[in-house]
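# Structural overview
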Amino acid sequence: MNEKLQPRGPMIIAAALLTLLFCQGCGNGLASVSGTVTLDGAPLKGGGDTRATIYLYPEGGTGAPAVGLLDENGEYTVTTGTQNGVMPGPYLVTISASQLIGEDIPGVPRSARRLTPARYADPNGSNFRVDVESGSNVYDFALDAD
């Protein structure tokens, strides 16, 4: 046991640099998708007691859907699982927003009031479709309350 211990710091740094070098340019193949949603011309605001979401469902039904939460400005960015973005391709789009109502009582679920017409929450009834391309995509959606 008289072996002399060698410092490992330089080896760790070299391994980290090699890892960065090999991963440079690596990607997950996902395209970014963002935009704004309006309802009767005003931003569809999410946050607080309002739950506003946009879903992108792969046309043809295979693959994971992407989801985005609308912020206080009606803006969204979609993610697929834990990764930002979505695979390029055609998607059916749904958008829905609900506002929680009633008292916030621990252990008791609150009721919600729909803010958007039900047709926008149906992939076949919303009439929203996008063709996501590689890179950055911006899609704005205008909803009518009627």
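These notes cover the structure that comes with them. (Residues numbered from 1 in each chain as written. Predicted model: local features only at pLDDT ≥ 70, side-chain atom pairs only at ≥ 80, totals over all residues. Heavy atoms only, no water.)

### Details of the overall build of the protein chain
For clarity, the threshold we go by: Note on conventions: DSSP H or I runs of at least 4 residues are helices, E runs of at least 2 residues are strands, and numbering of each starts at the N terminus. Between buried and exposed lies partly exposed: a residue is buried under 20% and exposed over 50% of the maximum accessible area for its type, with that area taken using a 1.4 Å probe on protein chains only. We call two residues in contact whenever any of their non-hydrogen atoms come within 4.5 Å of each other. Values of accessible area rely on a 1.4 Å probe in the Shrake-Rupley scheme; residue burial ignores everything except the protein chains shown.
Of the regular secondary structure elements, the protein chain holds one helix and 12 strands. Scored against the burial criterion, the 146 residues of the protein chain give a buried share of 27%. Look at the contacts in the protein chain between residues 6 or more apart in sequence, and 65% of them connect residues 24 or more apart. Total accessible area on the protein chain is roughly 9700 Å²; 55% of this is exposed by carbon and sulfur atoms.

### Some remarks on the nonpolar core
What counts here: Put simply, buried Ala, Val, Leu, Ile, Met, Phe, Trp, Tyr and Cys residues joined by side-chain atoms within 4.5 Å make one nonpolar core.
Counting 24 residues, the largest nonpolar core has Ile54, Leu56, Tyr76, Ile95, Val132 and Phe141 as the members making the most contacts within it. If you list the elements that add at least two residues to this core, you get strand 1 (32-39), strand 3 (50-58), strand 8 (89-101), strand 10 (128-132) and strand 12 (141-143). The biggest single contributor to this core is strand 8, with four residues. Discounting chain neighbours no more than four positions away, the residues touching Leu56 are Val33, Pro65, Ala66, Val78, Tyr91, Leu92, Val93, Val130 and Val132.

### Some thoughts on the packing of aromatic side chains
Remark: the centre distance and the inter-plane angle together describe each pair of aromatic rings, the angle taken between the planes. Rule in force here: Within 6.5 Å between ring centres, the rings of Phe, Tyr and Trp (the latter by its six-membered ring) count as paired, and their orientation is classed by plane angle as stacked under 30 degrees, edge-to-face over 60, tilted in between.
According to the stated counting rule, one finds three aromatic pairs in the structure shown. With a centroid separation of 5.7 Å and 15 degrees between ring planes, the pair formed by Tyr55 and Tyr57 is classed as stacked. Taking relative accessible area as the criterion, Tyr57 reaches 29% and is therefore assigned partly exposed. Consider the rings of Tyr120 and Phe128, whose centres lie 5.7 Å apart with planes at 10 degrees: the pair is stacked. For Tyr120, a relative accessible area of 5% gives the class buried. An aromatic cluster is built from Tyr120, Phe128 and Phe141, whose rings are joined through pairwise contacts.

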